Amino acid sequence: MNAEFDHFATWLATPLGRYVAMSELAWFERAVVDIFGYKAVQLELPQIDCLRSNRMPWRLQAGEAAGTQLKCSVQALPFDEQSLDLIALPHVLDFCQDPHAVLRECQRALRPEGRLLITGFNPWSLWGLRRLKPNSEIPWKGNFVALPKLKDWLSVLDFQTLQDEHLCYRPPVQRPGWLEKSRFLDQAGDRLWPAGGGVYCIAAVKRVRGMHLIEPQWRTATATANSAMAIEKLRQQARKDRCK
């Protein structure tokens, strides 16, 4: 059992945690609404209902955290190969023991052109600096995988990044008054410090190497037909010359 997800879920009930949850929920709602298919899975953190705006007929929350519908390890998913159309990972890479294993399992379980949605804490932000404080607890002692590194991991697994953006530009403080006073930073963050948000969001699609369209060889066929006609004309001309 990975208790860190349950500890993080408790943190989400704090003022700063609610700010993170609401910001990410709004992003997931925008990201999933136009993704079509049959089967969608969210791993861990049912407190953030990532799939509620999606219209796939089969949606499931799985993982080890309390409240998930299917209990399983995110590093060994109980789904068939190429059986899912969408997987959502809200902070799963931040608190799992082996982020590489989770991504490999997602790659295995997703169909070609399946979508992968990920959120995580940005180490290159004020939130990342907060980890330097002594005796840091959840969420500050999470993995905090950097976005460029994550993109490299995804590329190795044949995922193509479609979109990435940052959220949560307010400072990581628990006082509701300070959070409210710094509200303007969310509007100005993308313009003033594009990669400085405390949370990043990434949408990726699974590509399959080696796939290409096979087109009919019309030019080759035409050239072959023209050559045969030319040869036949030469033969006819040779017969006429012999008759002369």
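Data block above holds the structure.
Residues numbered from 1 in each chain as written. Predicted model: local features only at pLDDT ≥ 70, side-chain atom pairs only at ≥ 80, totals over all residues. Heavy atoms only, no water.

1. Here's the deal with the pattern of salt bridges
Now for step 1: Here the structure, examined in full by the defined rule, presents 9 salt bridges.
Now for step 2: Residue Glu-29 pairs with Arg-52 through a salt bridge whose shortest N-O separation is 2.4 Å. Residue Glu-29 is located in helix H2 (residues 15–32), and its partner Arg-52 is located in the loop between strand S1 (39–43) and strand S2 (58–63); the two are separated by 23 residues in the primary sequence.
Now for step 3: Relative accessible area serves as the criterion here: at 25%, Glu-29 is assigned to the partly exposed category.
Now for step 4: You can call Arg-52 partly exposed: its relative accessible area is 49%.
Now for step 5: Taking the shortest distance from any N to any O, the salt bridge between Asp-85 and Arg-111 comes out at 3.3 Å. Here Asp-85 is found in strand S4 (residues 84–90), whereas its partner Arg-111 is found in strand S5 (residues 110–121), with 26 residues between them in sequence.
Now for step 6: Judged by its relative accessible area of 12%, Asp-85 falls in the buried class.
Now for step 7: Accessibility expressed as a relative area gives 32% for Arg-111, which makes it partly exposed. (Salt bridge = Lys/Arg side-chain N within 4 Å of Asp/Glu carboxyl O. Helix = DSSP H or I, 4+ residues; strand = E, 2+ residues; numbered from the N terminus. Buried < 20%, exposed > 50% of the residue type's maximum accessible area, 1.4 Å probe, protein only.)

2. Considering a nonpolar patch on the surface
Now for step 1: Together, Leu-126, Leu-129, Leu-132, Leu-192 and Trp-193 give the surface a local cluster of nonpolar side chains, amounting to about 560 Å² of exposed area.
Now for step 2: Tracing the backbone through its elements, the reader meets Trp-193 in the loop between helix H8 (184–192) and strand S7 (199–206). (Patch = residues over 30% accessible without salt bridge, like charges linked within 9 Å, V, L, I, M, F, W, Y side chains within 5 Å. Areas by Shrake-Rupley, 256 points an atom, 1.4 Å probe, with all protein chains shown as cover.)

3. With respect to the packing of aromatic side chains
Now for step 1: Scanning all chains against the criterion turns up 13 aromatic pairs.
Now for step 2: Ring centres of Trp-11 and Trp-140 lie 6.1 Å apart, and the angle between their planes is 85°; this geometry places the pair in the edge-to-face category. Of this pair, Trp-11 sits in helix H1 (residues 4–11) while Trp-140 sits in the loop between helix H5 (126–129) and helix H6 (147–156), and the two are 129 residues apart along the sequence. Trp-140 carries the same exposure label as Trp-11, and that label is buried.
Now for step 3: Measuring from ring centre to ring centre gives 6.1 Å for Phe-121 and Trp-127, while their planes differ by 20°; the resulting arrangement is stacked. Both residues of the pair, Phe-121 and Trp-127, belong to the buried class.
Now for step 4: Members of the aromatic cluster, each reached through a chain of ring pairs, are Phe-5, Phe-8, Trp-11, Tyr-19, Phe-95, Phe-121, Trp-127, Trp-140 and Phe-144.
Now for step 5: Its guanidinium or amino end placed over the ring of Trp-178, Lys-181 lies 5.9 Å from that ring's centre, counting from NZ or CZ. (Phe/Tyr/Trp six-rings, centres within 6.5 Å; stacked < 30°, edge-to-face > 60°. Lys NZ or Arg CZ within 6 Å of the ring centre and 35° of its normal.)

4. Overview of the pairing of S1
Now for step 1: The buried fraction of S1 amounts to 4 of the 5 residues, a majority that puts the element mostly inside the structure.
Now for step 2: Taken together, the 5 bridges between S1 and S2 define a ladder with parallel strand orientation. Residue pairing for S2: Val-41 is matched across the bridge by Leu-60. (Pairing = 2+ DSSP bridges.)

5. What about the sheet that holds strand S6 (residues 159–167)?
Now for step 1: On the basis of which strands lie adjacent, the open sheet formed by 7 strands has the order S3-S2-S1-S4-S5-S7-S6 and mixed pairing. Pairing within the sheet leaves two strands with one partner each, and these edge strands are strand S3 (70–71) and S6.
Now for step 2: Where S2 meets S3, 2 bridges bridge the pair, whose relative direction is parallel. Bridge assignment links Gly-63 to a residue of S3, and that residue is Lys-71.
Now for step 3: Contacting S4, S5, S6 and S7, H2 crosses the sheet at an angle of about 160° to S5. (Contact = heavy atoms within 4.5 Å. Axes fitted to C-alpha atoms, helices over the stretch in contact; angles between N-to-C directions.)

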